[in-house]
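Geometric and topological summary
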Amino acid sequence: MDGSTGWREILALTALKAQYCRYLDTKRWDEWRALFTDGFVSDTSAAGGQIITGADDFVAYIRGTLGDGKVTVHQVHNPEIDLTSATTATGVWALHDVVHLGPGLDLHGYGHYHETYQKHGDAWRIATSTLTRVREDIRTPLVSVRMTARLRDAGAALARRRGR
């Protein structure tokens, strides 16, 4: 792969991740689903979540938890992209996300997406994504509380018991 081809592929992967954030935050579920391979694997276990296999199951899960009416903001930056072949790549993205939990209550998360990509025809797709967190804060207009891993895990267990 020559230098200009490599840069075009890296730009295409950067656009893919930008679409990931935009489609998720604007709840454009069909377009968001199209960004993943069918066998996509999401691993958020290190961030208090779970492993989900299959793009359709993943999109359904996220739509149920962050779906219509839930305000989210996902911003990624500082991509570290490695083209491992003409049709595969890896990437790490720094992440800042905000999830509006309720009136005056927001979760601010900071971490990284560790991903693999596959190229099908002319289009890159996300094949795997592992989310790691370095910090989470719960913010209100009056106070900001740092979420420790122990507190986050307890909250996640409670939410799972309630079916959320």
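In this report, we go over the structure that sits alongside the text. (Residues numbered from 1 in each chain as written. Predicted model: local features only at pLDDT ≥ 70, side-chain atom pairs only at ≥ 80, totals over all residues. Heavy atoms only, no water.)

Next up on the list: the packing of aromatic side chains. In the structure shown here, the tally under the stated rule is 9 aromatic pairs. With a centroid separation of 5.6 Å and an interplanar angle of 75°, the aromatic rings of Tyr20 and Tyr113 are classed as edge-to-face. In this pair, Tyr20 sits in helix H1 (residues 3-25) while Tyr113 sits in strand S5 (residues 105-120), placing the two residues 93 residues apart along the sequence. Given the relative accessible area of 6%, Tyr20 is considered buried. Look at Phe40 and Phe58: their rings are 4.9 Å apart centre to centre, the planes differ by 55°, and that puts the pair in the tilted class. Residue Phe40 is located in strand S1 (residues 36-43), and its partner Phe58 is located in helix H3 (residues 55-66); the two are separated by 18 residues in the primary sequence. The same class applies to Phe40 and to Phe58, which are both buried. Here a set of aromatic residues connected by ring pairs shows up, and it is made of Tyr20, Trp29, Trp32, Phe36, Phe40, Phe58 and Tyr113. Cation over ring: Lys17 sits above Tyr20, and NZ or CZ is 3.7 Å from the ring centre. Here the guanidinium or amino end of Lys17 rests over the ring plane of Tyr113, the centre of that ring lying 3.7 Å away. (Phe/Tyr/Trp six-rings, centres within 6.5 Å; stacked < 30°, edge-to-face > 60°. Helix = DSSP H or I, 4+ residues; strand = E, 2+ residues; numbered from the N terminus. Buried < 20%, exposed > 50% of the residue type's maximum accessible area, 1.4 Å probe, protein only. Lys NZ or Arg CZ within 6 Å of the ring centre and 35° of its normal.)

This next bit is on the nonpolar core. If you look at the biggest cluster of nonpolar residues, it comprises 31 residues, and the most contacted ones within it are Tyr20, Trp32, Phe36, Phe58 and Tyr117. Broken down by secondary-structure element, the contributors of at least two residues to this core are H1, helix H2 (29-33), S1, H3, strand S4 (88-102), S5 and strand S6 (123-139). If we ignore the near neighbours within four places in the chain, the residues touching Trp32 are Tyr20, Tyr23, Leu24, Phe58, Val59 and Ile62. (Core = buried A, V, L, I, M, F, W, Y, C linked by side-chain atoms within 4.5 Å. Contact = heavy atoms within 4.5 Å.)

Approximately 1400 Å³ is the volume found for the largest pocket. As for the largest pocket, its lining consists of 43 residues, of which Tyr61, Thr65, Leu66, Leu107 and Ala159 are closest to the centre. If one sorts the elements of the lining of the largest pocket by residue count, helix H4 (residues 149-161) sits on top with 7 residues. Taken together, the residues of the lining of the largest pocket break down into 22 nonpolar, 11 polar and 10 charged. (1 Å grid on protein atoms, 1.4 Å probe; cavity = no way out; pocket = protein on both sides within 12 Å on 5 of 7 lines; lining within 4 Å. Points joined across faces, edges and corners; volume = space filled by probe spheres on them. Nonpolar A, V, L, I, M, F, W, Y, C, P; charged D, E, K, R; others polar.)

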